[in-house]
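# A look at the structure
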2 protein chains.
Amino acid sequence: MENFETIGGGICAAKGFKASGLYCGIKHGLPDGNESPVKNKNDIAMIFADVECSAAGVYTSNKVKGAPVIVTKSNLVKSGGKARAVIVNSGNANTCNADGEEKALEMCRLTAEQLNIPAEQVIVASTGVIGLTLPIEPVRYAVPLLAEKLSYEGNAQAATAIMTTDTVKKEYAVKFTVDGKECHLGGMAKGSGMIHPNMATTLNFITTDCAVSPEMLQKALSEIVKITYNCLSVDGDQSTNDTCMLIASGLAGNTEIAAENGDYETFKNALYQVMKNLTIMLAKDGEGATKLITCVCSSAPDLDTAIIVAKSVIRSPLVKTMIYGEDANCGRIACAVGYAETDNIDVNKLDIFLASRAGKIQTYKNGLNMDFSEEKAAKILKEDEIEILIELNSGTVSATAWGCDLTYDYVKINGDYRS
Amino acid sequence: MENFETIGGGICAAKGFKASGLYCGIKHGLPDGNESPVKNKNDIAMIFADVECSAAGVYTSNKVKGAPVIVTKSNLVKSGGKARAVIVNSGNANTCNADGEEKALEMCRLTAEQLNIPAEQVIVASTGVIGLTLPIEPVRYAVPLLAEKLSYEGNAQAATAIMTTDTVKKEYAVKFTVDGKECHLGGMAKGSGMIHPNMATTLNFITTDCAVSPEMLQKALSEIVKITYNCLSVDGDQSTNDTCMLIASGLAGNTEIAAENGDYETFKNALYQVMKNLTIMLAKDGEGATKLITCVCSSAPDLDTAIIVAKSVIRSPLVKTMIYGEDANCGRIACAVGYAETDNIDVNKLDIFLASRAGKIQTYKNGLNMDFSEEKAAKILKEDEIEILIELNSGTVSATAWGCDLTYDYVKINGDYRS
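Residues numbered from 1 in each chain as written. Chains lettered and ligands numbered in written order. Predicted model: local features only at pLDDT ≥ 70, side-chain atom pairs only at ≥ 80, totals over all residues.

## Regarding the overall build of chain A
What chain A contains, in helices and strands, is 11 helices and 16 strands. Taken over C-alpha atoms, the radius of gyration comes to 22 Å for chain A, in line with the 22 Å a tight globule of 419 residues would show. In terms of its C-alpha atoms, chain A occupies a principal-axis envelope of roughly 70 × 50 × 35 Å. When each of the 419 residues of chain A is scored for burial, the buried share is 62%. Taking as baseline every contact in chain A between residues at least 6 positions apart, the subset at least 24 positions apart corresponds to 81%. (Helix = DSSP H or I, 4+ residues; strand = E, 2+ residues; numbered from the N terminus. Rg over C-alpha atoms; globule rule 2.2 N^0.38 Å. Buried ≥ 20, exposed ≤ 12 C-beta atoms within 10 Å, placed from the backbone. Contact = placed C-beta atoms within 7 Å.)

Right, here's the structure in full:
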């Protein structure tokens, strides 16, 4: 039996984490009492830990970085990797603005004063339009109210606040046992476009009560980001504000995990479960998506090759449109394998399969198209969760990448995003 | 005055080249007399040179290569870089098929026999669906008729035959003077999806009567491909069949260009004019395109950096959709510059401008968003040819990349391509 169990609670699943969220009008101006619950959804959230936590982060590798990314990184250096609170808004990325860092620091200062903690223990993040001055008034209005609303059940309020074009909030949590103690780990994430990361994806916050040393926390996060968020592609654009934070309170009472032992493996697996499931939620809710696509590259000579091939296929616009059109035009898959940036594949050994709840068929063998039942393929592609299975027949390693189809609605959503 | 003038004639503009094209039913079966001129457009073409020519080629770098690419490369090795004829079909890529090479060789053999030339002097190319057995009967039917129809005015017939989802045929030709002799150079190309090459783009055939040594021919082609076809992106997919052939008859009577002298520069400029204009035609006719996007990256430290940045912007789906939506959301442009794969840029020096026939405005300065007139931006973006101007302010080198917007119709065209 695997040592984890899915539970509710999102970022409040772990002991010692309160959260809150509300609408403060980042995009549309301060609330005037006439807000609609649908249009004026929460746009700012706070997380507050009962105790000082260890924090690990993975950030965008885009050279144009959001001011909050710069401030958060600098805060964590100043605090020695310790954090107590998160303040995060949607509706404005606070990026490419002359006063960006000033505003991000102000968000930290306001939060720190309200919660009576050092400003460098505040993690700040923003998501939304790039290159639009962030209005600070809504933040000033929100911070005292957020502090007041903080609760151990506030996870959904917060998860809603970080949504932009997302159609559903994304939360996932598990419990597991380390050193005889029950531990919890849960997270929230936002999508749903500008997703094809080299370092992280969008905004993600993960909390745990498991005691883990800062080094092991960072190591686990980096390893798991590589095989989850980094294997997700909606559209091939990489955001300026990608931030993935992992914060550990240690309140589960286990002996701190400080080496790559069995406990570390258990912790890492719990982290993988949460991040993998958030990744799948992000892919499913990709802008305009009607189908989840999972591409598994197997029998690869090594992990990097498997990842590169799976990502090349999941990123291809022609594969994405063929899945949307439910057309088993698998030459496009072979083509995307062929231009994957690796020299470790032999296309003459390439096998391709399509699968879903409705069944599985092989369409390519040894790099060549096979005669297959178009009827069966059509039945498989009618489902809303499609698997593309690539066999390289050159080793024993596998990797998975997740994405979604490319639809009219992606174009619609992104043709007029700012309004 | 520049030493070139635009003329008509496409691949027949140069002395010594005949061409023909017709419908033979590659996709829908042999003609039965009830063909519609619109639906059953030409699908096979022949080019035949009066004399033995030098040939240079640039091919896809996709590891999954079409059988015609493999056969053409091998033919040119066997013939010592000499060619007399081209046979090319649309409607089927003859790629990933067990009998692909056999069929491609058969196309060469049929053509060679008909024209009474060695089979290794035939260049073969195919474009269309990947992984579908190529029917040879339509080719057998077509070859004698193509030979019969060969004419010095057959360029348009041939240019039509290589179209797939293209909505217009693409031809361009120039005349220029080398060594006191009037020379001609003309080409034809096909688009219009699966375009984001590392080596070449789709199918292109260029003929010239200028006498050029095989080495200089290859050198010029490789240099110009880098700054034209390789700077074109419709969708980020790279085809398995990309082939760009340059064939020189030498019939203009000039002293053969055999070194990098002034004549070489004149020849290279003529080649650039033809390939640049074909590139622009390909971008304009990108699948579903409503707008041509030209991205010029200037004041770069070197050519590679300028190309990488311009291509990163032109490839971004979010930039493409913003142009489609006529929304001056220039943070997306800054974002795409930021994730360009180069370390030679300083994003704090980045300036961005939007321009079209309707005017020009600056939207970013020193990496920061500027206050600009949304009204003026809207007017600029209403046009159907949009320029995105990137200034890196770090050097003196420029490069241009071409592309188109991403629209509903791209999704529509590619959701159901095979039928």
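Further notes follow.
## Concerning the interface of chain A and chain B
Each side of the interface is counted separately: chain A has 52 residues, and chain B has 52 residues. A total of seven residues in the side of chain A that touches chain B trace back to one element, the largest contributor, which is helix α9 (residues 331–338) of chain A. Here the residues of the side of chain A that touches chain B sort into 25 nonpolar, 20 polar and seven charged. (Nonpolar A, V, L, I, M, F, W, Y, C, P; charged D, E, K, R; others polar.)

## Thoughts on the sheet that holds strand β12 (residues 351–356) of chain B
All names here are of chain B. Strand order in this open sheet of seven strands is β9-β16-β11-β15-β12-β13-β14, and the pairing throughout is mixed. At either margin of the open sheet sits one strand with a lone partner, and together these are β9 (232–233) and β14 (368–369). Bridge analysis of strand β11 (residues 292–300) against strand β15 (residues 385–391) gives seven bridges, and the strand direction is parallel. Among the inter-strand pairings, C295 is bridged to a residue of β15, identified as I388. Against the sheet, helix α10 (residues 374–382) touches β12, β13 (359–365) and β15, its axis set at about 120° to β13. (Pairing = 2+ DSSP bridges. Axes fitted to C-alpha atoms, helices over the stretch in contact; angles between N-to-C directions.)

## Some points on the pairing of strand β8 (residues 203–208) of chain A
Residue and element names in this part refer to chain A. Summarising burial for β8: six of the six residues are buried, a large majority. Neither face of β8 is exposed, since L203, F205 and T207 on one face and N204, I206 and T208 on the opposite face are all buried. Judged from the six bridges that link them, strand β7 (residues 181–190) and β8 form a sheet pairing that is antiparallel. Bridged to M188 within β8 is F205. Two elements, β8 and strand β10 (residues 243–248), share six bridges in a ladder whose sense is parallel. Looking at the pairing, T207 lines up with I247 of β10.

## Points about the sheet that holds strand β14 (residues 368–369) of chain A
Residues and elements named next belong to chain A. Strand order in the open sheet formed by seven strands is β9-β16-β11-β15-β12-β13-β14, and the pairing between neighbours is mixed. Across the chains shown, the open sheet's two edge strands, defined by having one partner strand only, are β9 (232–233) and β14. Where strand β12 (residues 351–356) and strand β15 (residues 385–391) come together, five bridges link them in antiparallel fashion. Bridged to I352 within β15 is I390. The sheet contacts of helix α6 (residues 262–284) involve β9, β11 (292–300) and β16 (397–404), and relative to β16 the element is tilted by about 40°.

## With respect to unusual backbone geometry
Residue and element names in this part refer to chain A. Of note, N94 is a non-glycine position whose phi angle comes to about 45°, a positive value. With respect to the element layout, N94 can be found in the loop between β4 (82–90) and α2 (100–115). Judged by the 31 C-beta atoms lying within 10 Å of it, N94 is buried. The phi torsion at N116 lies on the positive side, around 60°, for a residue other than glycine. Note that N116 resides in the loop between α2 and β5 (122–127). On the neighbour-count criterion, N116 (8 C-beta atoms within 10 Å) is exposed.

## Examining the environment of E385(A)
Residue and element names in this part refer to chain A. Structurally, E385 is set in strand β15. The class of E385 is partly exposed, set by 14 C-beta atoms lying within 10 Å. As for E385 and F4, which are separated by 381 residues in sequence, their C-alpha atoms are 25 Å apart. Leaving out residues up to four positions away in the same chain, E385 has contacts with K291, L292, S356 and R357.

## Here's the deal with the relation of the copies chain A and chain B
It takes a turn of 180° to lay chain A on chain B, together with a shift of 0.0 Å along the axis; the resulting RMSD is 0.0 Å. Both chain copies can therefore be described as sitting about a two-fold axis. Among all residues of chain A, the minimum C-alpha distance to the rotation axis is found for Y408(A), at 2.4 Å. A shared binding surface is used by both copies, with 100% of the interface residues of chain A retained as interface residues in chain B. (Least-squares fit on C-alpha atoms with pLDDT ≥ 70 in both.)

## Concerning helix α2 (residues 100–115) of chain B
All names here are of chain B. With 16 residues, α2 extends 23 Å from end C-alpha to end C-alpha; this agrees with the ideal 22 Å at 1.5 Å per step. Regarding α2, the residues found buried are G100, K103, A104, M107, C108, L110, T111, A112 and L115. Where α2 is buried, its residues touch β3 (44–59), α1 (67–78), β4 (82–90), β5 (122–127) and α3 (137–149). Looking one or two places after α2, you find N116, whose phi comes out positive at around 60°. (Expected span 1.5 Å × (residues − 1).)

## Let's talk about the domain arrangement of chain A
How large an interface is tends to be reported as the accessible area lost when its parts come together. All names here are of chain A. For chain A, the assigned domains read domain 1 (5–284) and domain 2 (292–415). Taking only C-alpha atoms, the centre of domain 1 and the centre of domain 2 are 32 Å apart. Among the elements of the structure, β9 and α6 are those that each provide at least two residues to the side of domain 1 that touches domain 2. The element best represented in the side of domain 1 that touches domain 2 is α6, accounting for four residues. Of the residues assigned to the side of domain 1 that touches domain 2, the class counts are six nonpolar, six polar and one charged. (Domains from an automatic or database assignment.)

## Here we look at the environment of A306(A)
Residue and element names in this part refer to chain A. Note that A306 resides in helix α7 (residues 303–315). Of the residues examined, A306 has 28 C-beta atoms within 10 Å and is grouped as buried. Remark: the alpha-carbon pair of A306 and R140, spanning 166 residues in sequence, is separated by 47 Å. Every residue in contact with A306, bar those within four places of it in the chain, is listed here: C297, A300, V397, S398 and A399.

## Quick notes on the nonpolar core
V309(A), A310(A), V337(A), V309(B), A310(B) and V337(B) are the most contacted members of the largest nonpolar core, which has 286 residues in total. Ignoring sequence-local partners within four residues, the contact set of V309(A) consists of C297(A), A300(A), V337(A), A340(A), T342(A), I345(A), I390(A) and L392(A). (Core = buried A, V, L, I, M, F, W, Y, C linked by C-beta atoms within 7 Å.)

## Some words on the environment of V58(A)
Residues and elements named next belong to chain A. Tracing the backbone through its elements, the reader meets V58 in strand β3 (residues 44–59). On the basis of neighbour count, V58 is assigned to the buried category, with 23 C-beta atoms found within 10 Å. Along the sequence, V58 and I130 sit 72 residues apart, while their C-alpha atoms lie 20 Å from each other.

## Focus: the packing of helix α7 (residues 303–315) of chain B against helix α9 (residues 331–338) of chain B
Residue and element names in this part refer to chain B. Viewed as axis vectors pointing N to C, α7 and α9 meet at an angle of 135°, and their least axial separation amounts to 8 Å. By the angle between their axes, α7 is oblique relative to α9. For α7 against α9, the interelement crossing comes out right-handed. Contacts between α7 and α9 involve V309, S312 and V313 from the first element and I333, A336 and V337 from the second. (Parallel < 35°, antiparallel > 145°, perpendicular 65-115°, else oblique. Left-handed = near helix turned anticlockwise from the far one by under 90°.)

## Here we look at the pairing of strand β6 (residues 170–178) of chain A
All names here are of chain A. The buried fraction of β6 is high, at eight of nine residues. The sheet contact formed by strand β1 (residues 5–7) and β6 spans three bridges and is antiparallel. By the bridge assignment for β6, I7 is matched with A173. Here nine bridges tie β6 to β7, and the two strands are oriented antiparallel to one another. Each bridged residue has a counterpart across the sheet, and for K170 the counterpart in β7 is A189. Between β6 and β7, which pair antiparallel one after the other, the connecting turn spans two residues, and D179 there sits at a positive phi close to 60°.

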